[in-house]
Protein chains: 2
Amino acid sequence: MLEKLKIRPLVKEDKQAIMQILRDTPEFKPAEVVVAEEVLDNYLQDPSGSGYYTFVAELTNVIARGKAPKQSRSDIVGYICYGPTPLTEGTWDIYWIAVDSKEKGKGIGSALLTFAENRIKEAGGRLILIETSSRPEYKGTINFYRFHGYELVSKILDFYTSGDDKLTFQKRNESGKSKEV
Amino acid sequence: MLEKLKIRPLVKEDKQAIMQILRDTPEFKPAEVVVAEEVLDNYLQDPSGSGYYTFVAELTNVIARGKAPKQSRSDIVGYICYGPTPLTEGTWDIYWIAVDSKEKGKGIGSALLTFAENRIKEAGGRLILIETSSRPEYKGTINFYRFHGYELVSKILDFYTSGDDKLTFQKRNESGKSKEV
């Protein structure tokens, strides 16, 4: 069995698969899933005018069985949503990233994040920000960001609720920065 | 001459006066005025569903001249826009506050801010956040927030552009906090 990962823009037909991944992600509260859906709908209504960029990760399994014709099945296994931060020059936010929990450990999240980082760099982005929660459930997520070179730059205590702080991680793009000079 | 200050919800007829104040405020960049207008329009389209609370300060001059009938003139001299921060419990953002530059020094900004703080407290708000820029033009604004008890809790370097940081000020409402226990 051969697995191939493809990253491509989100289309309407992907929405239900993404919603299922969001609902199956234990870190996301129901209200967060509602907001994620609003953002997906905004994007799908007007992909180029929404201020969001949304890409899905599609995993294809190619099964070759003797002389039988090749069978292949494609599944949506994750997505990333990012965009330029309003009222800034060269700052971008990564708003959502989610991977099917059954497919974790295959590097799908890393592939999505690296893909977005490269696109942001191409667009002249200087600074990438990711906001997340200090809840223990996010420890793996935070380790994932740190592994990818993100550093904590802001912590607002009790932001989400009492005891649940907002953490902001950043990654600076030095080549983007030098473009401004 | 007698001056009376009244704070009341924004209505459609106030919009042009507020836009003029925004345009005449040197700290606001044109792109910021565009976003402020979008927020005003969102609020006016659906005041209770927009997620924003928008109030104007109206100054009335009553001029009594001998036996002539009293003359009075009302002017919109400022506004404040605030709302609950999405995906939080009890955190509120003050998004915009502006005062007619000809009327500065009369306590209009303080009256608007105190008004919003009291409404947020009544709604059970725990935490008030205000984001602002580190540009030198905002020094007076920052002093104004500090005078009203706000403290700096976050600084994201180069957020708006290279050399222009995002500062976040907070004020905690202890009585709101104790409600949660």
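See the structure shown above.
Owing to the predicted nature of the structure, the values given are computational and were not obtained by experimental measurement. (Residues numbered from 1 in each chain as written. Chains lettered and ligands numbered in written order. Predicted model: local features only at pLDDT ≥ 70, side-chain atom pairs only at ≥ 80, totals over all residues. Heavy atoms only, no water.)

Remarks on the interface of chain B and chain A
Alright, step 1. Counting residues at the interface gives 25 residues for chain B, matched by 25 residues for chain A.
Alright, step 2. Both faces considered, chain B and chain A share a buried interface measuring about 2,000 Å² in area, 54% of it formed by carbon and sulfur atoms.
Alright, step 3. Together, B:Leu87, B:Ile156 and B:Phe159 form the three largest contributors to the area buried by chain B at its contact with chain A, with a combined 28%.
Alright, step 4. At the junction of chain B and chain A, the tally comes to two salt bridges.
Alright, step 5. Our count for the contact surface shared by chain B and chain A stands at 15 residue pairs in polar contact (both at pLDDT 80 or more).
Alright, step 6. Elements that contribute at least two residues to the side of chain B that touches chain A include exactly helix 2 (30-45), strand 5 (127-133), strand 6 (151-161) and strand 7 (164-172) of chain B.
Alright, step 7. The greatest single-element share of the side of chain B that touches chain A, amounting to nine residues, is contributed by strand 6 of chain B.
Alright, step 8. Within the side of chain B that touches chain A, the residues separate by chemical class into ten nonpolar, seven polar and eight charged. (Contact = heavy atoms within 4.5 Å. Buried area = accessible area lost by both parts, 1.4 Å probe. Salt bridge = Lys/Arg side-chain N within 4 Å of Asp/Glu carboxyl O. Polar contact = N/O pair within 3.5 Å; in protein donor to acceptor, adjacent residues only side chain to side chain. Helix = DSSP H or I, 4+ residues; strand = E, 2+ residues; numbered from the N terminus. Nonpolar A, V, L, I, M, F, W, Y, C, P; charged D, E, K, R; others polar.)

Notes on helix 3 (residues 108-122) of chain B
Alright, step 1. The end-to-end C-alpha separation of helix 3 of chain B is 21 Å, in line with the 21 Å expected for 15 residues at 1.5 Å each.
Alright, step 2. Buried residues of helix 3 of chain B: B:Ile108, B:Gly109, B:Leu112, B:Leu113, B:Phe115, B:Ala116, B:Glu117 and B:Ile120, and no others. (Expected span 1.5 Å × (residues − 1). Buried < 20%, exposed > 50% of the residue type's maximum accessible area, 1.4 Å probe, protein only.)

Topic: the relation of the copies chain B and chain A
Alright, step 1. With an RMSD of 0.0 Å, the operation that places chain B on chain A is a rotation of 180° combined with a shift of 0.0 Å along the axis. Between the two chains, the operation in question is that of a two-fold axis. Among all residues of chain B, the one whose C-alpha sits closest to the rotation axis is B:Ser154, at a distance of 2.7 Å.
Alright, step 2. Comparing interface residues between copies, 100% of those in chain B also sit at the interface in chain A, which points to an isologous, same-surface contact. (Least-squares fit on C-alpha atoms with pLDDT ≥ 70 in both.)

Some details on the packing of helix 1 (residues 15-23) of chain B against helix 2 of chain B
All names here are of chain B.
Alright, step 1. Closest axis-to-axis distance for the helix 1/helix 2 pair is 10 Å, and the angle between their directions is 160°. One way to sum up the angle between helix 1 and helix 2 is to call them roughly antiparallel. Considering the relative orientation of helix 1 and helix 2, their crossing is right-handed. Residue-level inspection shows Lys15, Ile18, Met19, Leu22 and Arg23 of helix 1 in contact with helix 2, the latter providing Val33, Ala36, Glu37, Leu40, Asp41 and Leu44.
Alright, step 2. Counted by class, the contact of helix 1 with helix 2 contains seven nonpolar, no polar and four charged residues. (Axes fitted to C-alpha atoms, helices over the stretch in contact; angles between N-to-C directions. Parallel < 35°, antiparallel > 145°, perpendicular 65-115°, else oblique. Left-handed = near helix turned anticlockwise from the far one by under 90°.)

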